[in-house]
Amino acid sequence: TAGAAGSVSVPKSAQKQLDKLSAHDFDRLDAAIVGMHVDPFAGDVVHLTNADTAYGLRVSDYRILFDVFCDRRHQSIAAILCRTSTTYRKRHRQV
């Protein structure tokens, strides 16, 4: 569903996670977030099973967890996590 392009919000908590990254990792994740403006489903995106609007984008060893609101043409980043065996298990709904 490539028609959901639009705005992307990055809350303070996700921005803090970005600020802790190395310059190389920051650049890769920043490029992925910018790309979400055009098509939030581009790249290695998986639908998360715990919510209709929840998705995860894999970027190297990191995951960008986000919600897509097609009716508002808006994506909201919930978290940026380093991938582990429990990356998707403890996601808290913030919407």
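In this text, all values refer to a predicted model and were calculated from it rather than measured experimentally.

## Structural notes on the sheet that holds strand β5 (residues 74-82)
Here is step 1 of the chain: As summarised here, the arrangement of the five strands in space is β1-β5-β4-β3-β2, forming an open sheet in which the pairing is mixed. At either end of the open sheet lies a strand with only one pairing partner, and these are β1 (7-9) and β2 (44-47). On average, each strand axis in the sheet is inclined to that of its neighbour by 30°, with strand direction left out of account.
Here is step 2 of the chain: Looking at chain direction, β1 and β5 are connected through three bridges and run parallel. Paired with Val8 across the strands is Gln75, a residue of β5.
Here is step 3 of the chain: Those strands touched by helix α2 (residues 23-36) are β1, β3 (54-59), β4 (62-69) and β5, and its axis lies near 15° from that of β4.

## Here we look at the side chain of Gln75
Here is step 1 of the chain: Tracing the backbone through its elements, the reader meets Gln75 in strand β5.
Here is step 2 of the chain: Reaching out from Gln75, the side chain makes a polar contact with the backbone oxygen of Met36 at a distance of 3.2 Å.

## Thoughts on the pattern of salt bridges
Here is step 1 of the chain: Under the definition given, this model contains one salt bridge.
Here is step 2 of the chain: In this structure, Asp44 and Arg58 form a salt bridge, with 2.5 Å as the shortest nitrogen-oxygen distance. Residue Asp44 is located in strand β2, and its partner Arg58 is located in strand β3; the two are separated by 14 residues in the primary sequence.

## Describing the pairing of β4
One face of the sheet, then the other: side chains in a regular strand alternate in exactly this way.
Here is step 1 of the chain: Of all eight residues making up β4, eight are buried, and the element is well covered by its neighbours.
Here is step 2 of the chain: A two-sided burial pattern is seen for β4, the buried positions comprising Tyr62, Ile64, Phe66 and Val68 on one face and Arg63, Leu65, Asp67 and Phe69 on the other.
Here is step 3 of the chain: One ladder, built from six bridges, connects β3 with β4; its direction is antiparallel. By the bridge assignment, Tyr55 is partnered in β4 with Phe66.
Here is step 4 of the chain: The hairpin formed by β3 and β4 contains two residues between the paired strands, and Ser60 there has a positive phi angle of roughly 60°.
Here is step 5 of the chain: Across eight bridges, β4 lies against β5 in antiparallel orientation. When the sheet's bridge partners are listed, Tyr62 is paired in β5 with Cys82.

Each value, and the rule that gives it
- Residues take numbers from 1 onward in each chain, read along the sequence in its written order.
- Under the rules for a predicted model, residues below a pLDDT of 70 receive no local features and side-chain atom pairs below 80 are neither given nor counted, while totals for whole chains, interfaces and linings still include all residues.
- Computation of side-chain values: all heavy atoms of the structure, hydrogens and water removed.
- DSSP bridges decide pairing: two strands pair if at least two such bridges lie between them.
- Secondary structure elements follow DSSP: runs of H or I of four or more residues count as helices, runs of E of two or more count as strands, with numbering from the N terminus.
- The axes are straight lines fitted to the C-alpha atoms, using for helices just the contacting stretch, and the angles between their N-to-C directions are given from 0 to 180°.
- The contact rule is simple, with two residues in contact once any of their heavy atoms fall within 4.5 Å.
- Within 3.5 Å is the distance limit for a polar contact, defined as a pair of N or O atoms, with the added protein rule that one can donate a hydrogen and the other accept it, and that residues adjacent in sequence qualify only through two side-chain atoms.
- Any Lys or Arg side-chain nitrogen located within 4 Å of an Asp or Glu carboxyl oxygen qualifies as a salt bridge.
- Whether a residue is buried, partly exposed or exposed follows from its accessible area with a 1.4 Å probe, protein chains only, as a fraction of its type maximum: under 20%, in between, or over 50%, in that order.

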